Amino acid sequence: MSCEGRAWPNIRLGVSLCIHVFLKGFGRPHQRTRVKEARPLSLVSLTIMEHEIMIKILVMLVCLLTAIVGEARTGAVEGFSITYSINADGTATIGGDSSCAISPKPTGVFDVPSQLEGHKIVAIGSQAFSRCGDLVAVKIPPGVTNVGERSFFGCDELRSVFLPANLISIGDAAFFNCRRICSITTPASLKHIGDKAFGMCLNLTELTLTHGIETIGKGAFSACRGITNLVLAGSLKEIEDEAFLGCSGIKSIEIPHSIRRIGNHAFASCGVLDLIVPGNVEEIGIGAFGSCTRMKRLTIAEGVKCISARAFVECSGLSSVTIPSSVTDIGVQAFSDSFSLASSTGLKEVVIKDGVERIGASAFKGCIALEKVDLPQSLKEIGSMAFRDCCRISSLNFSNCLTNIGNWAFDGCRTLSGLVIPCSVQRIGIQAFSGCSGLRKLTMNEGLIEIGQGAFCGCLNLNAIRIPESVRTIGDSTFTGCSALERVEWCSHIENVPTGMFEHCSSLSEVLIPDGTRFIGRMAFAKCSNLSVVTIPPTLTAIGRDAFLGCEKLQTVQTRGLDVASVMRLLAESGFVFKSTKINVVMH
């Protein structure tokens, strides 16, 4: 056994450290002499000094040992020169200094030696066999417990790997980009597979993960598109992020009851057909099954607590899903865009069981095929764009716990025909029901405080509305384009008629603006082509620009308390064009 020349600088460093430790501990003789002369040392003092000397000697020995153990050495085996290092217990690790450890690089079949110059091989270090481009098969000896990071990285021709029975850990990217590996069977001793360990092994078709494995790292099998059936070991506790990302060949997955979390994008873009998520899984991570377009059946068992953002986004093959009562929040974009234009398939029915409190933003946005949604009584909040463009939903039953309907929540749900807003709802968000062209009947109950901008704009078939007295804020353009609207009733607590509130409501013929109103906003009634009678209150002080633009049939303005001159002045200031037909101001 020969020691490389580069070891000597470290040995010299170790000796220097020993001298430094010795001088630091015993390099103050004058002080010790003075203490000795002042008071003789007792037996206890001598014992303490002996212990100090022993400790210093041990430290010096450790320094020397550190200088020698772990230093790179070279051993020869059957025509190969192999770099290795000695571990503290006398065993050896092949390579480990971030470069290929064997020269010349092996070709064909290679058996990793079980020992080197009397030292048992227990680990294959970092990049030990990396980029051995002509290596076809490798057998790792039984004594090896750890295969280090990137140890076989980029072995393009590697087809077969024998993993030993005592193997405990496979490091990060250990077999990354070994594109010709076709089969992997893990031993029962294996506990951990590192990040991207088998990533980009494009021809891996047979994967057997035996019982005993506990963690699969991030991207461990990402882009292994040849895997078809995946059975996960019952000992597995967590599937890390992107573990099987892009494994498009996977048709079935058996998730064991030991799993507590499925990581972000863990199975994204897989070809899975049927999926059962057992109740022991507490969290389905962000995008965990996103873009699994061939998924036909999904069962989420009771016990699952969290469906994260984009968990099942673009799962266009799904036709129905039931959210269990153990889930409290449905994440942002959780099932959004689950529809295929090419095949005209997609999510048609959603059952949300009692227990769910929040539906996240865009949770079901773009599910064009969605026809039926069962909302739970526990529901408190519907997020922005939650059901946007779900154009086949015809009815909704809101719970008495619901307090907030988010911005654009049901925008574009054009087959929705009837709607009852319960007394628990305090806010209807911006354009929450805009473009619901099939909406004919709308009931808003007392308790509502805010109606957002454009909340019902473009509801072409809505013919009557009553705004509750509890409402304090109404946004601009709330009912713009409601061309069938004929009757409007609202309370006296709203001081300002918002900009464009009833613009293009062409069926509106008569409007009673309640007492307490002070200002009619710009274009509030513009293009109401059939408006002929307007009643304004004595509290009115101003009319915004073009408030009655295009109201060519307006002939009668009724007022209670305002004189004719004041009414005419207000109309003139708004830019109202007085044509040949005279405005009649009727005093009540």
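Described below are features of the structure shown in this document.

About the cut-offs
- Residues numbered from 1 in each chain as written.
- Predicted model: local features only at pLDDT ≥ 70, side-chain atom pairs only at ≥ 80, totals over all residues.
- Heavy atoms only, no water.
- Helix = DSSP H or I, 4+ residues; strand = E, 2+ residues; numbered from the N terminus.
- Buried < 20%, exposed > 50% of the residue type's maximum accessible area, 1.4 Å probe, protein only.
- Contact = heavy atoms within 4.5 Å.
- Areas by Shrake-Rupley, 256 points an atom, 1.4 Å probe, with all protein chains shown as cover.
- Salt bridge = Lys/Arg side-chain N within 4 Å of Asp/Glu carboxyl O.
- Pairing = 2+ DSSP bridges.
- Axes fitted to C-alpha atoms, helices over the stretch in contact; angles between N-to-C directions.
- Arc of directions from axis to C-beta.
- Polar contact = N/O pair within 3.5 Å; in protein donor to acceptor, adjacent residues only side chain to side chain.

**So, the overall build of the protein**
So, point 1. In terms of helices and strands, the protein carries four helices and 46 strands.
So, point 2. Sorting the 588 residues of the protein into buried and exposed places 49% on the buried side.
So, point 3. Contacts spanning at least 24 positions in sequence make up 33% of the contacts within the protein whose residues lie at least 6 apart.
So, point 4. Put simply, the protein shows about 26100 Å² of open surface, and 53% of that area lies on carbon and sulfur atoms.

**As for the pattern of salt bridges**
So, point 1. Within this structure, the stated rule accounts for 14 salt bridges.
So, point 2. Ionic pairing is found between Asp-274 and Arg-297, a salt bridge with its closest N-O pair at 2.7 Å. Of this pair, Asp-274 sits in strand β20 (residues 274-277) while Arg-297 sits in strand β22 (residues 297-300); the two residues are 23 residues apart in sequence, bridging distant segments of the chain.
So, point 3. The closest approach of N and O atoms between Asp-411 and Arg-388, which form a salt bridge, is 2.8 Å. Separated by 23 residues along the polypeptide, Asp-411 in the loop between β32 (404-405) and β33 (418-421) and Arg-388 in the loop between β31 (381-382) and β32 bring together distant segments of the chain.

**Examining the sheet that holds strand β30 (residues 372-374)**
So, point 1. Within the open sheet, the three strands sit side by side as β24-β28-β30. Their pairing is parallel. Edge strands, defined here as strands with exactly one partner in the open sheet, are β24 (320-323) and β30. The mean angle between the axes of side-by-side strands here comes to 5 degrees, regardless of whether they run parallel or antiparallel.
So, point 2. Strand direction decides the pairing type here: strand β28 (residues 349-352) and β30, joined by three bridges, are parallel. By the bridge assignment for β30, Val-350 is matched with Val-373.

**Brief notes about the pairing of strand β8 (residues 135-139)**
So, point 1. Pairing of strand β5 (residues 108-111) with β8, which is carried by four bridges, proceeds in the parallel orientation. Its bridge partner being in β8, Gly-108 is matched across the sheet by Leu-135.
So, point 2. In this sheet, strand β10 (residues 160-162) lies alongside β8 in parallel orientation, the contact comprising three bridges. Of the residues in β10, the one forming a bridge with Val-138 is Val-161.

**Notes on the sheet that holds β10**
So, point 1. Pairing is parallel across the open sheet formed by three strands, whose spatial order is β5-β8-β10. Sheet topology places β5 and β10 at the edges, where each strand pairs with a single neighbour. Each neighbouring strand pair of the sheet contributes to a mean axis angle of 20 degrees, computed without reference to strand direction.

**Observations concerning helix α4 (residues 564-573)**
So, point 1. For α4, the full list of buried residues reads Ser-566, Val-567, Leu-570 and Leu-571. Each buried residue of α4 sits inside an arc of 130 degrees when the element is viewed along its axis, so together they form one side.
So, point 2. With a side-chain oxygen positioned 3.2 Å from the backbone nitrogen of Ala-565, the residue opening α4 is Asp-563.
So, point 3. Positioned one or two residues after α4, Gly-575 has a phi angle of 90 degrees, which is positive.

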